[in-house]
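# Observations on chain architecture
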Amino acid sequence: MLDENQLTVIDENGNELLCEILFTFDSDDYNKSYVVYYPAGAEHEDEDGNVDLHVSAYVPSNNNEGGELLPVETDVEWDMIEEVINTFLADEEAEGEE
């Protein structure tokens, strides 16, 4: 399930996990949309306040309610995603310094 700022992910044990969406982007090279997200809540932070980012390919449903999250399939695809994330984080850091 996906809304503007949050999504609910169901883990391998069937548990629902509320996540915050950091950003979304499209890749023309892979003809896919991606969502970068992290678990909501401070309980998921490490001692430095960092959280693990998760990335999935995203296929919206026909009625714009929910959709399907798919795994990233190749190392080359992961390299592209890491580059996009690093650029996003660098831009966020630069904006914070202004």
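Above this text you will find the structure in question.
Residues numbered from 1 in each chain as written. Predicted model: local features only at pLDDT ≥ 70, side-chain atom pairs only at ≥ 80, totals over all residues. Heavy atoms only, no water.

What follows concerns helix α1 (residues 75–97). Side chains that are three or four residues apart share a direction in an α-helix, a result of its 3.6 residues per turn. Compared with an ideal rise of 1.5 Å per residue, which puts 23 residues at 33 Å, α1 spans 33 Å between its outermost C-alpha atoms and is within 8% of the ideal. Regarding α1, the residues found buried are Glu77, Met80, Ile81 and Ile85. The inward-facing, buried residues of α1 contact β2 (16–27), β3 (32–39) and β4 (54–60). (Helix = DSSP H or I, 4+ residues; strand = E, 2+ residues; numbered from the N terminus. Expected span 1.5 Å × (residues − 1). Buried < 20%, exposed > 50% of the residue type's maximum accessible area, 1.4 Å probe, protein only. Contact = heavy atoms within 4.5 Å.)

Turning our eyes to something else, we now look at the nonpolar core. The biggest cluster of nonpolar side chains holds 10 residues, and these are Phe23, Phe25, Tyr34, Val36, Val55, Ala57, Val72, Met80, Ile81 and Ile85. For this core, the secondary structure elements donating two or more residues are β2, β3, β4 and α1. When residues in this core are grouped by element, the largest group, three residues, is from α1. Ignoring any residue separated from it by four or fewer positions in sequence, one finds Met80 in contact with Phe25, Ser27, Tyr30 and Tyr34. (Core = buried A, V, L, I, M, F, W, Y, C linked by side-chain atoms within 4.5 Å.)

Attention now moves to the environment of Val72. One can find Val72 in the loop between β5 (67–70) and α1. A relative accessible area of 13% places Val72 in the buried class. A C-alpha to C-alpha distance of 9.9 Å links Val72 and Tyr58, two positions 14 residues apart in sequence.

A separate point is unusual backbone geometry. Backbone geometry at Asn31 places phi at a positive 55°, although glycine is not the residue there. The exposure class of Asn31 is exposed, given its relative accessible area of 71%.

This next bit is on the packing of aromatic side chains. Enumeration over the complete set of coordinates arrives at three aromatic pairs. On the basis of an interplanar angle of 20° and a centroid distance of 4.1 Å, the ring pair of Phe23 and Phe88 is categorised as stacked. One end of the pair, Phe23, is in strand β2; the other, Phe88, is in helix α1, with 65 residues separating them in the sequence. Judged by its relative accessible area of 10%, Phe23 is buried. Centroid distance Phe25 to Tyr34: 5.1 Å. Interplanar angle 20°. Geometry classified as stacked. The same class applies to Phe25 as to Tyr34, namely buried. Ring-pair connections join several aromatic residues into one group, and the members of that group are Phe23, Phe25, Tyr34 and Phe88. (Phe/Tyr/Trp six-rings, centres within 6.5 Å; stacked < 30°, edge-to-face > 60°.)

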